[in-house]
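Per-entry structural report
Chain by chain, the residues:
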Amino acid sequence: MCGIIGYVGKSEAVPILLDGLERLEYRGYDSAGVAVVSPSNTLQVVKTKGRLSVLREHLDAQDPLCGTIGIGHTRWATHGEPNDTNAHPHVGSDGKIAVVHNGIIENYLEIRASLERKGIPFHSETDTEVIAQLLEYYYKKLGNIMNAVYAVLGRIEGAYAMGILCEDFPGQMIAARKDAPLLIGYGEDGNFIASDVTALLAHTRTVTYMEDGEVAVLTGDSVQIYDRERSPITKERHTVDWDVSAAEKGGYAHFMLKEIMEQGEAVRKTISPRIKDGRIFIEELAGMEGYLEGLRKICIVACGSAFHVGMVGKYVLERLLRIPVDAYLASEFRYSEPLLGDDTLVIVISQSGETLDSMAALREAKKRGSKVLSIVNVVGSSIARESDITLYTWAGPEIAVATTKAYTTQMALLILLGVYCADMNGRISEEEYKTILADFLALPEKVDEVLKNIEAYQKAASRYFNQNSVFYIGRNLDYALGLEGSLKLKEISYIHSESYAAGELKHGTISLIEPGTLVISLATYAPLLEKTRSNIVEVRARGADVIVVATEETAPAVKDQADELLVIPNTHRLLQPVLAVIPLQLFAYYVALNRGCDIDKPRNLAKSVTVE
Ligand code: F6R
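Description of the structure in this document. The structure displayed is predicted, hence computed values, not measured ones.

Cut-offs used in this document
- Residues numbered from 1 in each chain as written.
- Predicted model: local features only at pLDDT ≥ 70, side-chain atom pairs only at ≥ 80, totals over all residues.
- Heavy atoms only, no water.
- Helix = DSSP H or I, 4+ residues; strand = E, 2+ residues; numbered from the N terminus.
- Rg over C-alpha atoms; globule rule 2.2 N^0.38 Å.
- Buried < 20%, exposed > 50% of the residue type's maximum accessible area, 1.4 Å probe, protein only.
- Contact = heavy atoms within 4.5 Å.
- Areas by Shrake-Rupley, 256 points an atom, 1.4 Å probe, with all protein chains shown as cover.
- Core = buried A, V, L, I, M, F, W, Y, C linked by side-chain atoms within 4.5 Å.
- Pairing = 2+ DSSP bridges.
- Axes fitted to C-alpha atoms, helices over the stretch in contact; angles between N-to-C directions.
- Salt bridge = Lys/Arg side-chain N within 4 Å of Asp/Glu carboxyl O.
- 1 Å grid on protein atoms, 1.4 Å probe; cavity = no way out; pocket = protein on both sides within 12 Å on 5 of 7 lines; lining within 4 Å.
- Points joined across faces, edges and corners; volume = space filled by probe spheres on them.
- Nonpolar A, V, L, I, M, F, W, Y, C, P; charged D, E, K, R; others polar.
- Domains from an automatic or database assignment.
- Parallel < 35°, antiparallel > 145°, perpendicular 65-115°, else oblique.
- Right-handed = clockwise from strand over helix to strand, strands pointing away.
- Phe/Tyr/Trp six-rings, centres within 6.5 Å; stacked < 30°, edge-to-face > 60°.
- Lys NZ or Arg CZ within 6 Å of the ring centre and 35° of its normal.
- Near = heavy atom within 4 Å.
- Polar contact = N/O pair within 3.5 Å; in protein donor to acceptor, adjacent residues only side chain to side chain.
- Sits in = over half its atoms within 2 Å of the grid points.

Focus: the overall build of the protein chain
On a plain count of helices and strands, the protein chain comes out with 19 helices and 27 strands. For the protein chain, the C-alpha radius of gyration of 26 Å lies close to 25 Å, the compact-globule estimate for 612 residues. Scored against the burial criterion, the 612 residues of the protein chain give a buried share of 61%. Restricting to contacts in the protein chain with at least 6 residues of sequence separation, those with at least 24 account for 72%. Working note: accessible area of the protein chain is about 22,500 Å², and carbon and sulfur atoms make up 48% of it.

Let's talk about the nonpolar core
Nonpolar side chains tend to gather and get buried jointly when the protein is soluble and globular. Core analysis: the biggest nonpolar cluster contains 131 residues, and I298, I347, F440 and F587 have the highest contact counts within it. The residues touching F587, leaving out its near neighbours within four places in the chain, are Y457, A460, A461, Y464, Y472, L489, L518, I520 and I547. Among the nonpolar cores identified, the runner-up in size contains 31 residues, and I111, I131, Y160 and C166 belong to it.

Examining the sheet that holds strand β26 (residues 545–551)
Through backbone hydrogen bonds, the strands of a sheet pair up, either in parallel or in antiparallel fashion. A sheet is described by the order of its strands in space; here 5 strands give the open sequence β24-β23-β25-β26-β27, paired in parallel fashion. Both edges of this open sheet fall to β24 (496–501) and β27 (564–568), since each of them pairs with a single strand only. The sheet shows a mean angle of 15° between the axes of neighbouring strands, taken without regard to direction. Pairing between β26 and β27: 5 bridges, direction parallel. Bridge pairing in β27 links V549 to L566. On top of the sheet, helix α16 (residues 477–493) reaches β23 (469–474), β24 and β25 (518–523); it is set at about 175° to β24, its chief contact.

Considerations on the sheet that holds strand β11 (residues 206–209)
With antiparallel pairing, 8 strands are arranged side by side in an open sheet as β3-β2-β4-β1-β10-β9-β11-β15. Looking at strand neighbours, the two that pair on one side only are β3 (43–49) and β15 (238–239), the edges of this open sheet. Pairing analysis gives 6 bridges linking strand β1 (residues 3–9) to strand β4 (residues 69–75), with the strands arranged antiparallel. Within β4, the position partnered with G3 by the bridge is T74. Its contacts with the sheet put helix α1 (residues 13–24) on β1, β2 (31–37), β4 and β10 (190–194), and the angle it makes with β1 is roughly 155°. In the packing of helix α2 (residues 52–60) onto the sheet, contacts are made with β2 and β3, and the angle to β3 comes to roughly 135°.

Details of the pattern of salt bridges
Evaluated as defined, the whole model comprises 34 salt bridges. Members of the salt-bridge network, linked through shared partners, are R177, K178, D179, D212, R363 and E386.

Quick look at the layout of surface pockets
One simple way to see leftover space: roll a probe sized like a water molecule over the atoms. Of the voids in this model, the largest pocket is the one considered here, and its volume is about 660 Å³. As for the largest pocket, its lining consists of 34 residues, of which C303, G304, S305, K607 and V609 are closest to the centre. Elements with a contribution of two residues or more to the lining of the largest pocket: α9 (304–321), α10 (330–333), β20 (344–350), α11 (356–367), α13 (405–424) and α16. Among the residues making up the lining of the largest pocket, the classes are represented as 16 nonpolar, 12 polar and 6 charged. Split by domain, the residues of the lining of the largest pocket number at least three in each of domain 2 (250–451) and domain 3 (453–600).

Some details on the packing of α9 against α16
Viewed as axis vectors pointing N to C, α9 and α16 meet at an angle of 170°, and their least axial separation amounts to 8 Å. It follows that α9 is roughly antiparallel to α16 by the angle criterion. Residue-level contacts link G304, S305, H308, M311, V312, Y315 and V316 of α9 to L477, Y479, A480, L483, E484, L487 and K488 of α16.

Concerning the pairing of β25
Across a regular strand the side chains alternate sides, sitting on one face of the sheet and then on the other. By the criterion of burial, β25 is predominantly enclosed, with 6 of the 6 residues buried. The pairing of β23 with β25 spans 4 bridges and is classified as parallel. Within β25, the position partnered with Y472 by the bridge is I520. Strand direction decides the pairing type here: β25 and β26, joined by 6 bridges, are parallel. Across the sheet, the residue bridging to V519 is V546, located in β26. Crossover β25 to β26 through helix α17 (residues 529–541) is right-handed.

Concerning the packing of aromatic side chains
What the rule picks out here adds up to 6 aromatic pairs. Aromatic side chains Y137 and Y138 sit 5.3 Å apart centroid to centroid with 65° between the ring planes, which places their arrangement in the edge-to-face category. On the accessibility criterion, Y138 (12% relative accessible area) is buried. In this arrangement the basic side chain of R237 is found over the ring face of Y186, its NZ or CZ atom lying 3.6 Å from the centre. For the cation-ring pair, R603 lies above Y494, with the distance from its terminal atom to the ring centre recorded as 3.8 Å.

Here's the deal with empty space enclosed by the protein
Overall, the coordinates contain 5 cavities of 30 Å³ or more when judged by the stated rule. A volume near 250 Å³ is recorded for the largest cavity. For the lining of the largest cavity, the residue count by class is 9 nonpolar, 7 polar and 7 charged. Summarising the domain contributions, the lining of the largest cavity has at least three residues from each of domain 1 (3–240) and domain 2 (250–451). By volume, the second largest cavity is sized at about 80 Å³.

Observations concerning the site of the ligand
Taken together, 14 residues lie near the ligand, and S350, Q351, S352, T355 and E491 sit nearest. A distance of 2.7 Å separates an oxygen atom of the ligand from a polar side-chain atom of S352. V401 is positioned such that a nitrogen or oxygen atom in its backbone is 3.3 Å from an oxygen atom of the ligand. Computed on the free molecule, the ligand has an accessible area of 410 Å², of which 89% lies beneath the protein chains in the complex. A majority-of-atoms criterion places the ligand in the largest pocket. Those elements that place two or more of their residues in the shell around the ligand are α9 and α16. Tallied by class, residues from the shell around the ligand come to 5 nonpolar, 7 polar and 2 charged. Split by domain, the residues of the shell around the ligand number at least three in each of domain 2 (250–451) and domain 3 (453–600).

Here is the structure:
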């Protein structure tokens, strides 16, 4: 999605803005631009369709854009096609005020029509231009820029994170936020705004997260934040513990590969602080024993891969806690009038902590009287801040659009949570508790072991990268896992793929299997192995080629049915998906590599989906 960076201080702004925008590239974008106020107090804007390299070419082809205050933006088109005019920053008709904006202004057509009736011409098709034009209109009318900002915020409806420059106030940048992330960074020789902390890591790790309704005024040596009523407020500063190198490729060809390879360490960091003296201890749940024991239902809500973690969670938590557990797509849940109450726990899972549908589902759950526990990777993100309980995954920054280490850490943490609650409610035997705990402790090393088998994944990928269509089948946890394997493949390689509960295939989809169709069969769930084997036999009988993912325990029973066999180590049955997803991630990665795809930035996709 769109990215924002802003700087005001002593240094030249353009290099800082371009560096920040480069670090935001991973979010997905189709155009980019910068605005700077020059030393002679003139607002200058350069923006273009395409990658940042095109913006750089435009900047190089003209007189240098000088100035120590500026805003920059990467746009992911929503209103109006990606082109130079629709790119941000947008300026008012007098060219005095520039705005960058993330989010959507829902009533923009109505405001645009009213300004057009007043004779104000519009140039772009965007909702953002309405903010710039309205700001300039109110600025002229009220003669005060802050009055104008508050007047605009009072009229626009929807979501926004915005950065504003006005050439009449050449040392001042204004920022405002509602329902879209925005943070302030405090640097040594200036101050920053950004939509994402990774844009700031090279300059500062001291940040303040803006809340809905807040407005900030930044100069080179001061930051003042105001609340909705325009009263000045003092806010906490946080230190981000990610460092710059965590958000760099570190010698890997792609962020995705780097992040896949980091999974052992990420899982270790996520689970080991929560295991003390041979017991699971989740500090964030201390004192909540009574509440957890009284739970009658759990709803897991998320989007995309995080929803697939929820599907694993459904099987695992239901089996451990013996209460109904359902996984919902956040985009459906929020509009489904869900049956919730104080005996239902809603678990929201999100890497970014900013996904709009997940955020809306969270608010809906709270409105209906349920507590919300979130599993989030980005510290201080909106979902983390609005939840009653937040459990962080310590995966570090995830830059590749296709999630990998966030997925595995979310899954490990959700299972750990399940075992913790089952122990508290007396629903797990001490023997099983000890076994699963031992397997949890061994999990990071086993993840590293699976990662070593790289040649097997490369071989399977080079044999099958030319497929038109791929089917994933599995039962129970393997079915939940297939959903993720299929998503990984289609999002980065653009091969059509589907995932089916193996027993469901013959109720329709098997008609699509013909000689040469690739079926990836997940056969790690030992209790249903014989059933899964029968399903593999069925597709082979119709000519399918089959890649089987099996464990050391299950492999002997299925190896005669496999064109390619990918074997992973044994672990506790409930933890198996944490290991089994890795061959699927690497298969997808190498298929995409063989096909020459833009792996870290797949077409049409964005890292953090902050629109509906
Ligand atoms: C797929 C992927 C997406 C995200 C989804 C939710 O690889 O990354 O499906 O899982 O957009 O994002 P978060 O977890 O940030 O809420």
